[in-house]
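Take a look at the letters that make up each chain.
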Amino acid sequence: MIQKFEKVNRISGELKLKGDKSISHRAVMFACMASGVSRIKNLSNSEDVKSTVKCFEKLGCGFQKENNELIVTGKGYKGFVNPASELFAGNSGTTARLMTGILAAQNFESVITGDSSLSSRPMNRIIEPLKQMGAVIKASGGGKLPLKIIPVDNLKPINYKLPVASAQVKSAVLLAGLHLEETSTVLESLQSRNHTENMLGLPVSVKDGVNLISSNRMYYPEPKDYIIPADISSAAFFIVLALLTGNSELKIKSVSLNETRDGVLRVLKQMGAEIVEENVKYIMNEKIGDLIIKSSVLHNVKIEKNLIPNLIDEIPVLSVAGIFAKGGFYINNAEELRFKESDRISGLCNNFKKLGLHVEEFRDGFSVEGEIKNKNPEFDSFGDHRIAMSLSVLSMLLKDGGEVNNFECTKISNPGFLLQIKDITK
Ligand code: S3P
């Protein structure tokens, strides 16, 4: 479906967004692992989290909706049932990779599949450490889905140094590690999102800027009540739109402000954005607060390497902000963008060129500068939800608007995007 957008002149009002996608996946998985009933408030309504729920339903877990809560009946340690068919992770890397860590320790065979995007994404990054733990995982050519996980008698602990900053890889190892009496550790030199260790209460020590996270059977999850803060990655689109439209003021309620996720706010503030945090508190070890965003004049800044994992999913919309900021937009150290739901470096460059901007693409990033020359662009989302929403924001900032193809892919993270735009533009 092609979605047309007109220029937006002013943003105002208040948004309550659904729960953070990364935290939601984990809440569902941990509730399913626990023995008994857990309740999850404000779970993400994304297709990705629905994929996680469907997979764990096949593993024998119970789900019931009650108002804004999901009631989960978990199966307990090694209690999952042998699934009758393949586990389809849809478009969701978090579902596939974290679930592989959990399934590697079960005593039945399972197969994980995904859609065409997920089936082209690298899985060797989790297969490698899990094999070191003794897991037997067969992948398709080049380490891709489908993955067949073959049961083994016992896994063994490892001490694993992450070769890429990836919370999904870190989590896969830590979740497999929860099934062993002996302790496994993961070393990370660039801090990636820390929801797994936060939510499970895993021990973390920091030495010379390197994190060491430990996991063993003692930390296996118990049933509990989860409250999920609003998704900062979804909020980022509305934040950029409000900053760049005149006379705007927007409030976004109870957003996750986790220090490993707030890179987009830090960079936007350095760029001159007026963003204020209010009512800040901690729930389940996660920082949460309201954001007040006002129209601002932005200038581009250097984005430091150590911030990249903390804003990796927000780079597409940050680069849109960069187009309207003073000076050219430049990002490097971001090769991981090539391994997301689409190759986001090439996808963004391809679209920005349609505006007549001067775009340079490099292995680990890109730069954009110049004046917008072309009217009424037809943007290509490449079926990637974050590219689609970034280009929607870009369209709403253009004098004559723009249109975005395959717009329906936005439901992967935020099915409410259009309604929310309507709410804050009336
Ligand atoms: C996620 C981790 C990040 C992020 C993804 C969600 C998670 O990926 O880009 O959208 O929930 O753990 P990597 O682990 O590949 O960096």
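Please read these numbers as outputs of a predicted model, since none were measured by experiment. (Residues numbered from 1 in each chain as written. Predicted model: local features only at pLDDT ≥ 70, side-chain atom pairs only at ≥ 80, totals over all residues. Heavy atoms only, no water.)

Summing up its helical and strand segments, the chain has 13 helices and 22 strands in all. For 426 residues, the compact-globule formula gives about 22 Å, and the C-alpha radius of gyration of the chain, at 21 Å, lands near that figure. Projected onto the principal axes, the alpha-carbon positions of the chain cover approximately 65 × 45 × 45 Å. Relative to its full complement of 426 residues, the chain shows a buried share of 60%. Taking contacts inside the chain between residues at least 6 apart in sequence as the whole, the part at least 24 apart equals 74%. Surface summary for the chain: the accessible area is close to 16,500 Å², and the carbon and sulfur share equals 47%. (Helix = DSSP H or I, 4+ residues; strand = E, 2+ residues; numbered from the N terminus. Rg over C-alpha atoms; globule rule 2.2 N^0.38 Å. Buried < 20%, exposed > 50% of the residue type's maximum accessible area, 1.4 Å probe, protein only. Contact = heavy atoms within 4.5 Å. Areas by Shrake-Rupley, 256 points an atom, 1.4 Å probe, with all protein chains shown as cover.)

Attention now moves to empty space enclosed by the protein. Regions of empty space are outlined by a rolling probe, equal in size to a water molecule, passed over the atoms. By the definition in use, this model includes two cavities of 30 Å³ or more. Considering only enclosed or pocket space, the largest cavity measures out at about 70 Å³ in volume. Across the lining of the largest cavity, the residue classes break down as one nonpolar, seven polar and two charged. One number sums up the size of the second largest cavity: a volume of about 30 Å³. Along its surface, the second largest cavity is lined by Lys302, Ile303, Tyr330, Ile331 and Asn332. Of the residues contributing to the lining of the second largest cavity, the split by class is three nonpolar, one polar and one charged. (1 Å grid on protein atoms, 1.4 Å probe; cavity = no way out; pocket = protein on both sides within 12 Å on 5 of 7 lines; lining within 4 Å. Points joined across faces, edges and corners; volume = space filled by probe spheres on them. Nonpolar A, V, L, I, M, F, W, Y, C, P; charged D, E, K, R; others polar.)

It is worth spelling out the site of the ligand at this point. In the vicinity of the ligand, the residues found are Ser22, Arg26, Thr94, Ala165, Ser166, Ala167, Gln168, Arg193, Ile312, Asp313 and Lys340. Within the side chain of arginine 26, a nitrogen or oxygen atom sits 2.7 Å from an oxygen atom of the ligand. Within the contact set of the ligand, an oxygen atom lies 3.2 Å away from a side-chain nitrogen or oxygen of threonine 94. Considered on its own, the ligand offers 390 Å² of accessible surface; in the complex 94% of this is hidden by protein. (Near = heavy atom within 4 Å. Polar contact = N/O pair within 3.5 Å; in protein donor to acceptor, adjacent residues only side chain to side chain.)

Here the chain is partitioned into domain 1 (2-18 + 229-424) and domain 2 (21-226). Distance from the C-alpha centre of domain 1 to the C-alpha centre of domain 2: 28 Å. Contact residues are listed per partner, giving 28 residues for domain 1 and 28 residues for domain 2. Approximately 2,500 Å² of surface area, both sides summed, lies buried where domain 1 meets domain 2, with 50% of it carried by carbon and sulfur atoms. (Domains from an automatic or database assignment. Buried area = accessible area lost by both parts, 1.4 Å probe.)

So, about the pattern of salt bridges. Counted under the stated rule, the structure contains 29 salt bridges. Close ionic contact of aspartate 48 with lysine 21 constitutes a salt bridge, the shortest N to O distance being 2.9 Å. Separated by 27 residues along the polypeptide, aspartate 48 in helix 2 (residues 47-58) and lysine 21 in helix 1 (residues 21-33) bring together distant segments of the chain. Just as aspartate 48 is buried, lysine 21 falls in that class too. Of the charged contacts, one joins aspartate 364 and arginine 363 as a salt bridge, the two residues approaching to 3.8 Å between their closest N and O atoms. Note on aspartate 364: relative accessible area 13%, which makes it buried. (Salt bridge = Lys/Arg side-chain N within 4 Å of Asp/Glu carboxyl O.)

Scanning the entire structure with this criterion turns up nine aromatic pairs. Taking the centre distance of 5.6 Å and the plane angle of 65° together, the rings of phenylalanine 56 and phenylalanine 80 count as edge-to-face. In this pair, phenylalanine 56 is assigned in helix 2 and phenylalanine 80 in the loop between strand 5 (69-75) and strand 6 (87-88), connecting sequence segments 24 residues apart. Neither phenylalanine 56 nor phenylalanine 80 differs from the other in exposure class; each is buried. Taking the centre distance of 6.4 Å and the plane angle of 50° together, the rings of phenylalanine 352 and phenylalanine 366 count as tilted. Of the two residues, phenylalanine 352 sits in helix 11 (residues 344-353) while phenylalanine 366 sits in strand 20 (residues 365-369), which places them 14 residues apart along the sequence. Residue classification places phenylalanine 352 among the buried residues on the basis of a relative accessible area of 0%. (Phe/Tyr/Trp six-rings, centres within 6.5 Å; stacked < 30°, edge-to-face > 60°.)

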